Amino acid sequence: MARIVNAAAAQMGPIAKSETRKDTVRRLVEMMREAKARGSDLVVFTEMALTTFFPRWLIEDEAELDSYYETEMPGPQTQPLFDEAKKLGIGFYLGYAELAHEDGRKRRFNTSILVDRSGNIVGKYRKVHLPGHAEPQPGRTHQHLEKRYFEPGNFGFKVWRAFGGVMGMCICNDRRWPETYRVMGLQGVEMVMLGYNTPYDHTGHKDIDSLTQFHNHLSMQAGAYQNATWVIGTAKCGVEEGSNMCAQSAIIAPSGEIIAQAVSLEDEVITARCDLDLGQRYRQTIFNFAKHREPEAYRLIVERKGAEPPPEA
Ligand code: CDV
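Residues numbered from 1 in each chain as written. Predicted model: local features only at pLDDT ≥ 70, side-chain atom pairs only at ≥ 80, totals over all residues. Heavy atoms only, no water.

Can you break down the packing of helix α1 (residues 21–37) against helix α3 (residues 79–88) residue by residue, with the values?
The geometry of α1 relative to α3 is characterised by a closest axis approach of 10 Å and an angle of 15° between their N-to-C directions. Looking at the two axes, α1 sits roughly parallel to α3. Pair α1 / α3 crosses with right-handed handedness. Contacts between α1 and α3 pair V25, L28, V29, M32, R33 and K36 from the former with P80, L81, E84, A85 and L88 from the latter. (Axes fitted to C-alpha atoms, helices over the stretch in contact; angles between N-to-C directions. Helix = DSSP H or I, 4+ residues; strand = E, 2+ residues; numbered from the N terminus. Parallel < 35°, antiparallel > 145°, perpendicular 65-115°, else oblique. Left-handed = near helix turned anticlockwise from the far one by under 90°. Contact = heavy atoms within 4.5 Å.)

Listed below in structure tokens is the structure:
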């Protein structure tokens, strides 16, 4: 019997700084209802879906900074999402800023969770690849201070058995790294879910920034194809607090083809019927990892972290 996951990506338009959690959760619930009405089993929300993308500002007041993070999940303000998911019988991926108390200290992560159709959290991921800077950069209209406000995730890239398949998560910048998909690919991932907040001026180099949309899809399509997995990428888009964000949320098949794509710069739900067995064709042929990979040939280079050329012989 075919293993079908009817999946939705719930692209999100701008979230103003003044918008409350209650307002934002209401928007998410509305999109969850639309996804369910269109037959979805699972809806993928974006990275940091509960607030504006605050790493664009230097925030020195600790209480103000803390206000952007969730200390519990679900908490009183996010509980309605879980209740609605349970009522409707739909799962979801949700990105948010997490404030944890671990190892006797405050720890901050850029986190996502996977929730099943009964409203139970089945998986949690903490973003590994943090872009940007720890210190504000002069001359930038918007900062990107993820390295200041988060520490790299400490869970690695796990996969979870859920929704009848093998599910994986990553967050935004992770989608550009082949390692992200490959580590999950080696565990047999069949669907990778991710959210992103990608300002068009993120590198400050106009010739690179003009390729933002192309690179967005290129990285997700390559990750899907090379690892025989579905990829669902959900944007935060539009002009948010003066920052112009890349849209084009997409659902991508294991062939690397885009099956559904958002066309607006606003809240928008896109859906696709995802046959998890499609990946098998690739896993059993070109990307039969057990048969064709040559790990010994990769061993020497994976131990070197930098992009330096090899030392002189
Ligand atoms: N939120 C992100 O991780 N954004 C990065 C930008 C800043 C490069 C991204 O990879 O889209």
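Which residues make up the packing of aromatic side chains, and what values go with them?
Using the criterion set out here, one finds ten aromatic pairs in the structure. On the basis of an interplanar angle of 80° and a centroid distance of 5.2 Å, the ring pair of F82 and F92 is categorised as edge-to-face. Of this pair, F82 sits in helix α3 while F92 sits in strand β3 (residues 91–102), and the two are ten residues apart along the sequence. Residue classification places F82 among the buried residues on the basis of a relative accessible area of 3%. Considering the side-chain rings of Y225 and F287, the 5.0 Å spacing of their centres and the 80° angle between planes classify their relative orientation as edge-to-face. (Phe/Tyr/Trp six-rings, centres within 6.5 Å; stacked < 30°, edge-to-face > 60°. Buried < 20%, exposed > 50% of the residue type's maximum accessible area, 1.4 Å probe, protein only.)

Could you give an account of the nonpolar core, with specific residues and numbers?
Among the nonpolar cores identified, the biggest contains 42 residues, and V5, L114, M167, M191, L194, V231 and I251 are the most heavily contacted of them. In terms of residue count, strand β8 (residues 191–197) provides more of this core than any other element does, five residues in total. Sequence-distant contacts of V231, defined by excluding residues within four places in its chain, comprise Y181, V192, L194, M220, A224, A250, I251 and I252. In this structure, M73, F92, I113 and V115 belong to the second largest nonpolar core, which totals 25 residues. (Core = buried A, V, L, I, M, F, W, Y, C linked by side-chain atoms within 4.5 Å.)

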